[in-house]
Amino acid sequence: MDELPVDGDLIRRLRDRDESAFTLVLDRWSPGLRRLARTFVSTDESAAEVVQETWLAVIEGIDRFEGRSSLRTWVYRILTNTAKRRGSRERRVVPISSDDGPTVDPSRFQEDGPFPGHWWEFPPAWPTPEQGVLRHEVQELLTQTLMQLPERQRVVLALRDADGWSSEEVCELLGVTAANQRVLLHRARAFVRGKLEQYYTQEATS
Amino acid sequence: MNDLDCRRFVELVTAFLESALAPEQEQEFVDHLARCDGCDRYLDQIRQTTQALDGLPGEALSPEIRATLLDAFRHRPR
Ligand SMILES: [Zn+2]
């Protein structure tokens, strides 16, 4: 993908009503915004509305944007706030993952025995993509799983792994330290891995 | 033998992937990886998980919403 112009240029052009600059960011960021919005709200339609509302707020607020964060972080912050408000109005699953404790069920490891701390049984193998994994079903599962994560874990995972943000950018958006960001990312990944394991195990036995 | 067991290994995977482990800890991690097929598989599955998330579709805006937004941008009061 082509590089976007630097923030200074982009912001100036947006303020000058340069439509091509707006089209550029609109088309570049909307898919990621929509995916992140979807993790807060319960339908695709609702997510699309949140994205629309976000861009309207961006249009309305760009003249007052002070550039204390990057433009993208600012836009994503508006999105998260909008999506959060909307999500809390909708009936949402209560997060079942937590922010502390081990990320893998402790009963998977030997307590005493000959090899304390080692796996009782290795994690079951997953099918390789060539074995015809139901792609659409897995994607639906991943979307559902994201919604079961506590908010900060969810945002970190969506941005880092789905949207390809750097850890620095995520730290800036959430105002967390690099170490904290890593913990959130790890907890989220481990939770999703566990869900995939469940899914593949069920697939293998059904 | 070092201290790193599987229970601890699984908590360090992301730190390892982010190159955030101290050199000594990283060495322990790599040593454990070399002799434990279970943890080797675990690490690989975390990698697969991040790859699966990377493939999550992010849909473009519908033409209607896109047109509405471009229109709103165009007619924004000065
Ligand atoms: Zn191990």
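Note on numbering: residues in each chain are counted from 1, in written sequence order. Whichever chain is written first is A, and whichever ligand is written first is 1; the rest continue in order. Since the coordinates come from a predicted model, pLDDT governs what is reported: local features require at least 70, and pairs of side-chain atoms require 80 or more to be given and counted, while whole-chain, interface and lining totals use all residues. The side-chain quantities take in all heavy atoms of the structure and omit both hydrogens and water.

Participant: Would you mind showing me how to read the overall build of chain B here?
Facilitator: Of the regular secondary structure elements, chain B holds four helices and zero strands. Numbering of helices and strands starts at the N terminus; helices are DSSP runs of H or I of at least 4 residues and strands are runs of E of at least 2. Helices and strands in chain B line up, N terminus first, as α-α-α-α. Radius of gyration: C-alpha atoms only; globule rule: 2.2 Å multiplied by the number of residues to the exponent 0.38. The globule rule puts the C-alpha radius of gyration for 78 residues at 12 Å, and the 23 Å found for chain B is more than 25% above it. The principal-axis extents of the C-alpha atoms in chain B amount to approximately 70 × 25 × 15 Å. Exposure categories follow from relative accessible area, calculated using a 1.4 Å probe and restricted to protein chains: below 20% of the type maximum is buried, above 50% is exposed, and the middle band is partly exposed. Across the 78 residues of chain B, 40% fall into the buried class. Residues are treated as being in contact if the distance between any of their heavy atoms lies within 4.5 Å. Considering only residue pairs separated by 6 or more positions, chain B has 57% of its internal contacts joining residues 24 or more positions apart. Under the convention used here, a 1.4 Å probe and the Shrake-Rupley method define accessible areas, while residue burial counts only the protein chains that appear. When the accessible surface of chain B is summed, it comes to about 4,300 Å², and 47% of that surface belongs to carbon and sulfur atoms. Lys and Arg are tallied as positive, Asp and Glu as negative. Neither His nor the chain termini are counted. Note that the charge is assigned to NZ on lysines, CZ on arginines, CG on aspartates and CD on glutamates. Here chain B holds 9 positive side-chain charges and 15 negative ones, and the gap between their average locations is 12 Å.

Participant: Can you help me understand the nonpolar core in this one?
Facilitator: Side chains of a nonpolar character, in soluble globular proteins, are inclined to be buried together. Take the buried Ala, Val, Leu, Ile, Met, Phe, Trp, Tyr and Cys residues and link them wherever side-chain atoms come within 4.5 Å; each set so joined is a nonpolar core. Core analysis: the largest hydrophobic core is formed by 57 residues, its most contacted members being Phe22, Trp55 and Leu71 of chain A. Those residues in contact with leucine 71 of chain A, other than ones at most four positions away along the chain, are Asp7, Leu10, Ile11, Leu14, Trp29, Ile62 and Phe65 of chain A. Counting residues in hydrophobic clusters, the runner-up holds 20 residues, among them Trp119 of chain A together with Phe29, Leu33 and Ile46 of chain B.

Participant: For this particular structure, what's the right way to read the pattern of salt bridges?
Facilitator: A side chain with one charge can pair with a side chain of the opposite charge if their charged atoms come near. Here, a salt bridge means any side-chain nitrogen of Lys or Arg that lies within 4 Å of a carboxyl oxygen of Asp or Glu. Tallied over the full model, the rule gives 21 salt bridges over all chains. Its salt-bridge partner being aspartate 44 of chain A, residue arginine 38 of chain A comes within 2.7 Å of it at the nearest N-O pair. By relative accessible area, aspartate 44 of chain A is classed as partly exposed at 38%. The closest approach of N and O atoms between arginine 108 of chain A and glutamate 197 of chain A, which form a salt bridge, is 2.7 Å. Of this pair, arginine 108 of chain A sits in the loop between helix H4 (71-89) and helix H5 (135-147) while glutamate 197 of chain A is found in helix H8 (residues 178-205), placing the two residues 89 residues apart along the sequence. If you follow the salt bridges from partner to partner, you end up with Arg17 and Asp63 of chain A together with Arg76 of chain B in one network.

Participant: How should the coordination of the zinc ion be read in this particular structure?
Facilitator: Reference values for angles at a metal are 109.5 degrees in the four-donor tetrahedral case and 90 or 180 degrees in the six-donor octahedral case. All names here are of chain B. Here the zinc ion is held by Cys6 (SG), His32 (NE2), Cys36 (SG) and Cys39 (SG), and the distances to it run 2.0 to 2.3 Å. Each metal's donors comprise the N, O and S atoms found within 2.8 Å of it (within 3.2 Å for Na, K or Ca). Water is not part of the atom list, so some coordination spheres may appear incomplete. Only two sets of limits are used to name each site, 85 to 135 degrees for every angle of a tetrahedral four-donor site, and over 155 degrees for opposite donors with all other angles from 65 to 115 for a square planar four-donor or octahedral six-donor site, with any other site named irregular. Around the zinc ion sit four donor atoms; with metal-centred angles ranging over 100 to 113°, the donor geometry is tetrahedral. For the zinc ion, the single-chain donor residues occur in sequence as C-x25-H-x3-C-x2-C. We classify histidine 32 as buried; its relative accessible area is 0%. Residue cysteine 39 is classed as buried on the basis of its relative accessible area of 0%.

Participant: Teacher, can you tell me more about the packing of H8 of chain A against helix H1 (residues 6-17) of chain B here?
Facilitator: Packed helix pairs are characterised by how far apart their axes lie and by the angle those axes make with each other. Under this scheme, a helix contributes an axis fitted over its contacting stretch, all axes are lines through C-alpha atoms, and angles between N-to-C directions fall in the 0 to 180 degree range. The geometry of H8 of chain A relative to H1 of chain B is characterised by a closest axis approach of 9 Å and an angle of 125° between their N-to-C directions. Classed by the angle they form, the pair H8 of chain A and H1 of chain B counts as oblique. With respect to the hand of their crossing, H8 of chain A and H1 of chain B are arranged in right-handed fashion. Residues Arg182, Leu185, His186 and Arg189 of chain A of H8 of chain A form the contact with H1 of chain B, whose participating residues are Val10, Glu11, Val13, Thr14, Ala15 and Leu17 of chain B. Only Asp, Glu, Lys and Arg are considered charged in this grouping, and only Ala, Val, Leu, Ile, Met, Phe, Trp, Tyr, Cys and Pro are considered nonpolar; every other residue, Gly among them, is considered polar. Taken together, the residues that form the contact of H8 of chain A with H1 of chain B break down as five nonpolar, two polar and three charged. An angle below 35 degrees is treated as roughly parallel, one above 145 as roughly antiparallel, one from 65 to 115 as roughly perpendicular, and anything else as oblique. Left-handed describes a crossing whose near helix is turned anticlockwise from the far helix by less than a right angle; the clockwise case is right-handed.

Participant: Please clarify how the UniProt feature "domain: Putative zinc-finger" (unreviewed entry) in chain B should be interpreted in this entry.
Facilitator: Under the UniProt annotation, the feature "domain: Putative zinc-finger" (unreviewed entry) is placed at residues 6-39 of chain B. Each end of residues 6-39 of chain B is marked by a C-alpha atom, and these two atoms are 6 Å apart; helix forms 82% of the span and strand 0%. UniProt positions are given in the numbering used here, feature names are shortened, and annotations may be inferred rather than shown by experiment.

Participant: So what exactly am I meant to see when it comes to the packing of aromatic side chains here?
Facilitator: Between rings of Phe, Tyr and Trp, where Trp is taken as its six-membered ring, a pair exists when centres lie within 6.5 Å; planes separated by under 30 degrees are stacked, by over 60 edge-to-face, and by other angles tilted. Within the structure shown, the criterion is met by 10 aromatic pairs over all chains. Look at tryptophan 126 of chain A and tyrosine 200 of chain A: their rings are 5.2 Å apart centre to centre, the planes differ by 50°, and that puts the pair in the tilted class. Highlighted residues: tryptophan 126 of chain A in the loop between H4 and H5 and tyrosine 200 of chain A in helix H8, separated in sequence by 74 residues. With relative accessibility at 12%, the residue tyrosine 200 of chain A sits in the buried group. Taken together, the ring pairs connect Phe22 and Trp55 of chain A together with Phe73 of chain B into an aromatic cluster. A ring has a charge above it when a Lys NZ or an Arg CZ is no more than 6 Å from the ring centre and no more than 35 degrees off the ring normal. Of note, arginine 72 of chain A hangs over the ring of tryptophan 165 of chain A, and the distance from its end group to the ring centre comes to 4.1 Å.

Participant: Would you explain helix H4 (residues 63-74) of chain B in this entry?
Facilitator: Because each turn of an α-helix spans 3.6 residues, side chains separated by three or four positions in sequence point in the same direction. With 12 residues, H4 of chain B should reach 16 Å at 1.5 Å per residue; the first-to-last C-alpha distance of 16 Å fits that figure. Buried residues of H4 of chain B: Ile65, Leu69, Leu70 and Phe73 of chain B, and no others. Burial along H4 of chain B is one-sided: seen end-on, the buried residues are contained in an arc of 135°. Turned more than 90 degrees from where H4 of chain B packs its buried face, Pro63 and Glu64 of chain B sit exposed. Buried residues along H4 of chain B sit against helix H1 (7-15), helix H2 (19-38) and helix H3 (44-61) of chain A. Multiplying 1.5 Å by the residue count of a helix minus one yields the expected span of that helix. Arc, as used here, means the arc of the directions from the helix axis to the C-beta atoms.

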